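Examining the three-dimensional arrangement
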Amino acid sequence: MSEQSDNAEEKLDAAATAAEPETVAEPVVAEPVVAEPVVAEPEGPKDEAREELLRRFIEALGDGVLDSHIEVDKDLWIRVSADAWFDAGEFARNQLQARYFGFLSAIDWMPSPFGRSMDSEVDRLLEASADEVENSAAEGSAVAGLEHGFAGGDTRFQVFARVAHVGDQGKNFGLTLKVDVPDDTLALSTWTKIYAGSDWHERETHEMFGIDFTGHPALRNMYLPTGFEGHPLRKDFPLLARQVKPWPGIVDVEQMPSNEPEESSPEESSPEESSPEESSTEESSTEESSTEQSSTEGADT
Amino acid sequence: MTAVTDRQKLQYIAAKAADSRVNVELETEGMILNMGPQHPATHGTLRIVAKLDGEQVVAAEPIAGYMHRGYEKLTEVRTYPQITALVNRIDWLGSFANEVPFILASEQLMGIEAPPRAQWIRTLLFEMSRVANLILFLGDMGVQLGAVTPAFFAFRDREFVLDQIEAVTGGRFHPNFDRIGGLKDDLPKGWLAETKNVMNKVRSFCDQIEGLLMNAEVFATRTRGIGVIPADVAMQYGLSGANARASGIDWDLRRDAPFGFVYPELDWKVWTHPDGDSFARFWVRLQEVRESTKMIDQICDGVPGGPIMAKVPRIIKVPAGEAYVTTENPLGEMGFYIVSKGELAPFRVKIRSASFNNVSITPWLLRGVYVPDIITILASLYFILGDIDR
């Protein structure tokens, strides 16, 4: 087996390690020049195969490529403009031979207006002590303060799709294409003419996020009843179960029904909870599993 | 004398029949056939609305969503350790296999790796859930063709595998055993030897199925050349797993992207079939179960000692970032795309389940087939409803 396993990632591994000596060797030759080596190694290891993919993309789409991100030896993200979305898919399939369609979906980058209100009091206390940064982020939860992920973004909604080149041992690769969906129209061109499989994925994205795909044959709902109002995976769509009933929480503090859970929780539990929090560096798997056990029980209710 | 009249009579009847056949063909009108949502061939609640012309399907539309549970939304209000309990229930026949890609994606974001022993046992349980899952497919395929016996064999022998899974994890169907950084518990004593016994039973089950079902003439006529998927179409629709390999695509994530597993250290083979029909899909899965039993035997012999848990903070916060990890699940490629903002709960989780893509090909695939073949084709595509609807 080990002889056969010259898969894409390992090859990329090898490519990256092969690239390293070159970048190391460069400063030795050009030692008197101070500026060059600094430019040459800003990010440490390089991922030549993925950079080559990115280069070809930029060559083909020009301004259509807005941003990109490479996790060395792991993955490649390319963000394109809404106008270039169709071309990007076509280029990936026909030129890069990424003929395998993984999935297509969307992300709503707006921070949830409900914050962590779904959590119990105990959780919020824990949260406050554990992470102050998050609180400040939650306060400024206006739409203007969108924080995007890899390859950046300008709009509230982003559609992302995964395509791959498979069945070609040693040369397989996958990449994630992202696109900003214009806030005013919330429409993109469909991919169904490129990847037939994107049909259902676009239907799902349409019903879950309310994004239109122009040219799609029939954007009927996949899961929800036809007259359903709202788009469940948007961040401003409340999860009703969590609004009416607080989540038991991540900490093992679930009380017995007789103990009046409403009154007793905030004051009592805060000193209790701060002590394990302080010793969080010292961990053991048994503690972890007991927490897990209780939370699993909660999930079934 | 009588013979002649008989022949005349027969000729007359034959002519009439030919006439009537022509007439029937001319007079057919479209008919809508509704299968499901409770049809036994759909393994749950998939509904298929087929427009027929006589016995032939003109257009077919699968309607999913009877089992939509909204896991992608629910993950946003749960902590990472809690989510394994959810994703367990996506493909309920191979539940441990659902946890693994999620855990691997989280581990990739956190930059931790499970210790070797945990990786070996993870691979072991991953393959056991594949065996438990695919055994049922092998038996169920017979039921769809009218042979009930293989199903009883399948349920009998699957129980041995589930018993083994239960002995380790405590759950027959929903182990919830995988953890970020390792596993919940170690293997019980004497378990490995018993597992090898069970694998012998599974292998003899495979031989039984091959003799009883696959070599039967009825099976061949009902599946050979039925529901052919060319490789390029399979890729366009994102077919994965055995469905893709049955179309001749030589692609198995266990070989091509074995991160977090020990597959490179095992001796096994990826089986493909060039035909792309229902028979090929059955055949590939049968070989896959055999390969899995071989792998499990090797893991039982080779599992190293050591800890089963890496050092993980007690409260798990995943650093901000994005990761997409896929694994070769019993039904095909399953992936988790996790967007983290450094909080206790993920910001967005996209679950790429195999069955969703595998079933999305049915409108294309069912066009032009005969009504009885709908059932064999659906059975050979092999989907789990929870894996479509999530």
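Anything mentioned here points back to the structure above.
So, here is what we can say about the structure in this document. Values in this document were obtained by computation on a predicted structure and should not be read as measured data.

Considerations on the overall build of chain B
Within chain B one finds 16 helices and 8 strands. Dimensions of chain B, computed from C-alpha atoms along their principal axes, come out at roughly 95 × 45 × 30 Å. Burial analysis of chain B (390 residues in total) assigns 55% to the buried set.

A word on the nonpolar core
One broad rule of soluble globular proteins: the nonpolar side chains tend to lie buried together. Counting residues in hydrophobic clusters, the biggest one holds 160 residues, and the most contacted among them are Leu177 of chain A together with Ile135 and Val161 of chain B. If one sorts the elements of this core by residue count, helix H5 (residues 116–144) of chain B sits on top with 15 residues. If sequence neighbours within four positions are ignored, Ile135 of chain B has contacts with Ala154, Asp157, Arg158, Val161, Val202, Phe205 and Val289 of chain B.

Describing the sheet that holds strand E7 (residues 332–340) of chain B
Residues and elements named next belong to chain B. Reading across from one edge, E6-E7-E8 is the order of the 3 strands in this open sheet, with antiparallel pairing throughout. Each edge of the open sheet carries a strand with a single partner, namely strand E6 (321–329) and strand E8 (348–352). This sheet shows a mean twist of 10 degrees between the axes of neighbouring strands, independent of strand direction. In terms of strand pairing, E6 meets E7 through 9 bridges, oriented antiparallel.

Describing helix H4 (residues 85–95) of chain A
By the burial criterion, the buried members of H4 of chain A are Trp85, Ala88, Gly89, Phe91, Ala92 and Arg93 of chain A. Check the buried side of H4 of chain A and you find it contacts helix H3 (48–61), strand E2 (75–80), strand E4 (157–165), strand E5 (173–180) and strand E6 (187–189) of chain A.

A word on the pairing of strand E1 (residues 65–71) of chain A
Here E1 of chain A runs beside E2 of chain A; their pairing, made up of 6 bridges, is antiparallel. The residue of E2 of chain A that forms the bridge with Ser68 of chain A is Ile78 of chain A.

A look at the sheet that holds E4 of chain A
Residues and elements named next belong to chain A. Read across the open sheet, the 5 strands follow the order E1-E2-E5-E4-E3; overall the sheet is mixed. Edge positions in the sheet fall to E1 and strand E3 (100–108), since each has one partner strand and no second. Averaged over all pairs of adjacent strands, the angle between strand axes in this sheet comes to 20 degrees, irrespective of strand direction. With 8 bridges connecting them, E4 and E5 associate as antiparallel partners. Bridging across to E5, Phe160 finds its partner in Lys178. On top of the sheet, H4 reaches E2, E4 and E5; it is set at about 170 degrees to E5, its chief contact.

Observations regarding the packing of H3 of chain A against H4 of chain A
Residue and element names in this part refer to chain A. Packing of H3 against H4 leaves a shortest axis separation of 11 Å and a crossing angle of 125 degrees. Our classification of the angle between H3 and H4 gives oblique. Crossing of H3 over H4 shows right-handed handedness. Of the residues in H4, those in contact with Phe57, Ala60 and Leu61 of H3 are Asp87, Ala88, Phe91 and Gln95. In terms of residue class, the contact of H3 with H4 is built from 5 nonpolar, 1 polar and 1 charged.

A look at the environment of Asp373 of chain B
All names here are of chain B. Looking at where Asp373 falls in the secondary structure, it is placed in helix H15 (residues 371–381). Taking C-alpha positions, Asp373 is 9.7 Å from Gln56, a pair spaced 317 residues apart along the chain. Sequence-distant contacts of Asp373, that is, excluding residues within four places in its chain, are made with Ile226 and Gly227.

Thresholds, definitions, all that
- Residues numbered from 1 in each chain as written.
- Chains lettered and ligands numbered in written order.
- Predicted model: local features only at pLDDT ≥ 70, side-chain atom pairs only at ≥ 80, totals over all residues.
- Helix = DSSP H or I, 4+ residues; strand = E, 2+ residues; numbered from the N terminus.
- Buried ≥ 20, exposed ≤ 12 C-beta atoms within 10 Å, placed from the backbone.
- Core = buried A, V, L, I, M, F, W, Y, C linked by C-beta atoms within 7 Å.
- Contact = placed C-beta atoms within 7 Å.
- Pairing = 2+ DSSP bridges.
- Axes fitted to C-alpha atoms, helices over the stretch in contact; angles between N-to-C directions.
- Parallel < 35°, antiparallel > 145°, perpendicular 65-115°, else oblique.
- Left-handed = near helix turned anticlockwise from the far one by under 90°.
- Nonpolar A, V, L, I, M, F, W, Y, C, P; charged D, E, K, R; others polar.

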